[in-house]
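# Fold and contact review
Single-letter residue listing:
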Amino acid sequence: MAEHPHAALVRKGYEAFSRGDMDTLRTIMTADCTHHVPGNHRLSGDFKGLDAVLGYYGQLFAATNGTLRAELRNLFVDGRGHVMAVHQVTAEQAGKKLDMAGGIVFRIVGEKVTDLDECVEDIAAADEFWA
């Protein structure tokens with residue numbers, strides 16, 4: 001069974017993110033995309049616009065000295081422009097370790113990602129790690 005094109009697009013994004021390949025991410029997201037990050041910490045909030053989203057990803061890698069990993073576990077599609085991705089995130093920073101399930105709901109319009117709504121398994125633990 002062939003993978004749905006929206007699932008393939010999100011998978012391509014996860015692979016690019018894992019390599020730190022911002023050029024590929026730039027090709028699969030709209031100029032006005034927004035990444036919504038839950039919690040109450042220095043990296044939470046809404047990152048609006050492609051440059052802000054990619055800048056956020058750079059901050060993640062910088063804050064963790066490149067240890068951040070998001071291992072894709074599952075992709076679910078609705079055939080109407082939504083993909084739900086489930087992943088396991090691991091990272092280290094300032095003597096703290098993060099190992100947590102999470103997910104992102106992607107909105108796709110015109111074969112590009114327009115919106116990313118991130119969810120985490122434990123908001124309090126995420127806040128503590130990113131504090």
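For the structure itself, consult the block above.
Described in the following lines is the structure provided in the data block. Quick caveat: nothing in here was measured; it's all calculated off a predicted structure.

The subject of this paragraph is the overall build of the protein chain. Secondary structure summary: the protein chain contains four helices and six strands in total. The N-to-C order of helical and strand elements in the protein chain reads α-α-β-β-α-β-β-β-β-α. Projected onto its principal axes, the C-alpha positions of the protein chain cover 45 × 30 × 25 Å. The buried share among the 131 residues of the protein chain stands at 44%. Relative to all contacts within the protein chain whose residues are 6 or more apart in sequence, the contacts with residues 24 or more apart total 48%. Summed over all atoms, the accessible surface of the protein chain reaches about 7,000 Å², with 52% contributed by carbon and sulfur.

The next thing to look at is the environment of Glu-15. With respect to the helices, strands and loops of the structure, Glu-15 is situated in helix H1 (residues 5-19). Here Glu-15 falls in the partly exposed class, since its relative accessible area comes to 43%. Sequence-wise, Glu-15 and Val-120 are 105 residues apart; in three dimensions their C-alpha atoms are separated by 20 Å.

Moving on to the pairing of strand S1 (residues 29-37). Bridge count between S1 and strand S6 (residues 112-120): four bridges; the pairing is parallel. Each residue of the ladder has a partner; that of His-35, found in S6, is Leu-116.

Attention now goes to H1. Relative to the 21 Å expected for 15 residues at 1.5 Å per residue, H1 spans 21 Å between its end C-alpha atoms, a close match to the ideal helical length. Among all positions of H1, only His-6, Ala-7, Leu-9, Val-10, Gly-13, Tyr-14, Ala-16 and Phe-17 are buried. On its buried face, H1 sits against helix H2 (22-28), helix H3 (50-63), strand S3 (69-77), strand S4 (82-93), strand S5 (96-109) and S6. One or two residues past the end of H1 sits Gly-20, with phi positive at roughly 70°.

Buried residues of helix H4 (residues 123-130): Ala-126, Asp-127, Phe-129 and Trp-130, and no others. The arc that holds every buried residue of H4, seen down its axis, measures 165°, which confines them to one face. The outward face of H4, more than 90 degrees from its buried face, is lined by the exposed residues Ala-124 and Glu-128. Contact partners of the buried residues in H4: H3, S4, S5 and S6. Two or three places before Ala-124, at the start of H4, stands the capping residue Asp-122, its side-chain oxygen 3.1 Å from that residue's backbone nitrogen.

Rules behind the numbers
- Residues numbered from 1 in each chain as written.
- Predicted model: local features only at pLDDT ≥ 70, side-chain atom pairs only at ≥ 80, totals over all residues.
- Heavy atoms only, no water.
- Helix = DSSP H or I, 4+ residues; strand = E, 2+ residues; numbered from the N terminus.
- Buried < 20%, exposed > 50% of the residue type's maximum accessible area, 1.4 Å probe, protein only.
- Contact = heavy atoms within 4.5 Å.
- Areas by Shrake-Rupley, 256 points an atom, 1.4 Å probe, with all protein chains shown as cover.
- Pairing = 2+ DSSP bridges.
- Expected span 1.5 Å × (residues − 1).
- Arc of directions from axis to C-beta.
- Polar contact = N/O pair within 3.5 Å; in protein donor to acceptor, adjacent residues only side chain to side chain.

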